[in-house]
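Chain residues, written in single-letter form:
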Amino acid sequence: MRWRSGIGLVALAGVIAAAIVVVPAGGSGAPAPAPSRLATAAGWSGLVGGPRTPVGTGERVLVVLSAFSLADRVERVGGLATEADERRWTSAAAAAQEQFISNLAQQGVAVRPEFRFTRTLNGFSAILDPRAIALLERTPGVKGVYPVRVAFPASVSPGALRQAAALAPRPGARLAGIAGRGVTIALLDTGVDAGTPYLHGHVLPGIDVVGTAPDARPQAKPTDASALETHGTEMAGLLVGAGGPGGLTGVAPAATVLPLRVAGWQADAEGGYTIYGRTDQLIAGLERAVDPDRNGDAHDAARR
């Protein structure tokens, strides 16, 4: 029997591609990225919020290969694939990537990927020196080499928050006819406190992409145990909350959230810790949203 894949793999790949192309392209044969380009990308602070603590990504880059990913294969069969098909295609993507890295090693370029991607795209992230980057950009089988960028959770001033609250819908208001029953929503953010009362048991344990925790619980600042991540919990409330402050309710209170911690407390360039995420961590989170149990079959993917 053939099944339609459990999530819009191609759509996810399109989102990633859109995020990538905002960085100046570095296709095959192009000159190596100048250090200033990487520094500019590392300093990106998003569209919302005030000044941010500088964060350094070093020479960390995202390498996208031309070898097919699972998303590519699913697209070519019109979105219809069996579980066995998808496992086979995921294995083939991983094998092609491993062969590529092995070939580089024979040329004297040792690559130690920090994250590997095979579901949404075929590629990896790694710290590489400028000479290795220049070689990769001229290597057959490479679609592009892009600097890893940094993003921060959106924030607003207390005054703006009060103004927004005054304009907010009445308690209990939500999208007409939409409760989200039976739907799993992948939330890529900081950690989520699943025990928060207004989330009323509608949050799964989740996955920690940034750290090594057994689930996606919020983490404390390494130098201040009282400073917990809160952004992910707040976002989960907007999605599935019920009985929140003032009786506020999320837009789909009957849905379930699968939290993926792709941002959180990480070292910054000033020797301290700042809450942020990197583009390679975001893609790693999308990979887990597509295939939560990592068995190569995406039929268990989050639906939204």
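The present account deals with the structure reproduced in this document.

Criteria and cut-off values
- Residues numbered from 1 in each chain as written.
- Predicted model: local features only at pLDDT ≥ 70, side-chain atom pairs only at ≥ 80, totals over all residues.
- Heavy atoms only, no water.
- Helix = DSSP H or I, 4+ residues; strand = E, 2+ residues; numbered from the N terminus.
- Expected span 1.5 Å × (residues − 1).
- Buried < 20%, exposed > 50% of the residue type's maximum accessible area, 1.4 Å probe, protein only.
- Phe/Tyr/Trp six-rings, centres within 6.5 Å; stacked < 30°, edge-to-face > 60°.
- Pairing = 2+ DSSP bridges.
- Axes fitted to C-alpha atoms, helices over the stretch in contact; angles between N-to-C directions.
- Contact = heavy atoms within 4.5 Å.

### Observations regarding helix α4 (residues 83-106)
Okay, so step 1: Between the first and last C-alpha of α4 there are 35 Å, a value that for 24 residues agrees with the 34 Å anticipated at 1.5 Å per step.
Okay, so step 2: Turning to α4, its buried residues number three or more, namely Asp85, Glu86, Trp89, Thr90, Ala93, Gln97, Phe100, Ile101 and Leu104.
Okay, so step 3: One or two residues past the end of α4 sits Gly108, with phi positive at roughly 90°.

### Side note on unusual backbone geometry
Okay, so step 1: Residues other than glycine seldom take positive phi values, yet His200 does so here, at roughly 35°.
Okay, so step 2: For His200, the position within the fold is in the loop between β8 (184-189) and β9 (207-208).

### What about the packing of aromatic side chains?
Okay, so step 1: A full pass over the atoms with the stated rule returns one aromatic pair.
Okay, so step 2: Ring centres 6.2 Å apart and planes at 55° place the aromatic pair Phe152 and Tyr276 in the tilted group. Linking Phe152 in the loop between β7 (150-151) and α6 (158-167) with Tyr276 in strand β14 (residues 273-278), this pair joins segments that are 124 residues apart in sequence.
Okay, so step 3: Owing to a relative accessible area of 5%, Tyr276 belongs among the buried residues under this scheme.

### Describing the sheet that holds strand β5 (residues 123-127)
Okay, so step 1: A sheet is described by the order of its strands in space; here four strands give the open sequence β4-β5-β2-β6, paired in antiparallel fashion. The open sheet terminates on both sides in strands that have one partner only, identified here as β4 (115-117) and β6 (142-147). The sheet shows a mean angle of 20° between the axes of neighbouring strands, taken without regard to direction.
Okay, so step 2: Relative to β5, strand β2 (residues 60-65) is paired through five bridges, and the arrangement is antiparallel. By the bridge assignment, Val64 is partnered in β5 with Gly123.
Okay, so step 3: Helix-sheet contacts for helix α5 (residues 130-137) involve β2 and β6, and the interaxial angle to β6 is about 150°.

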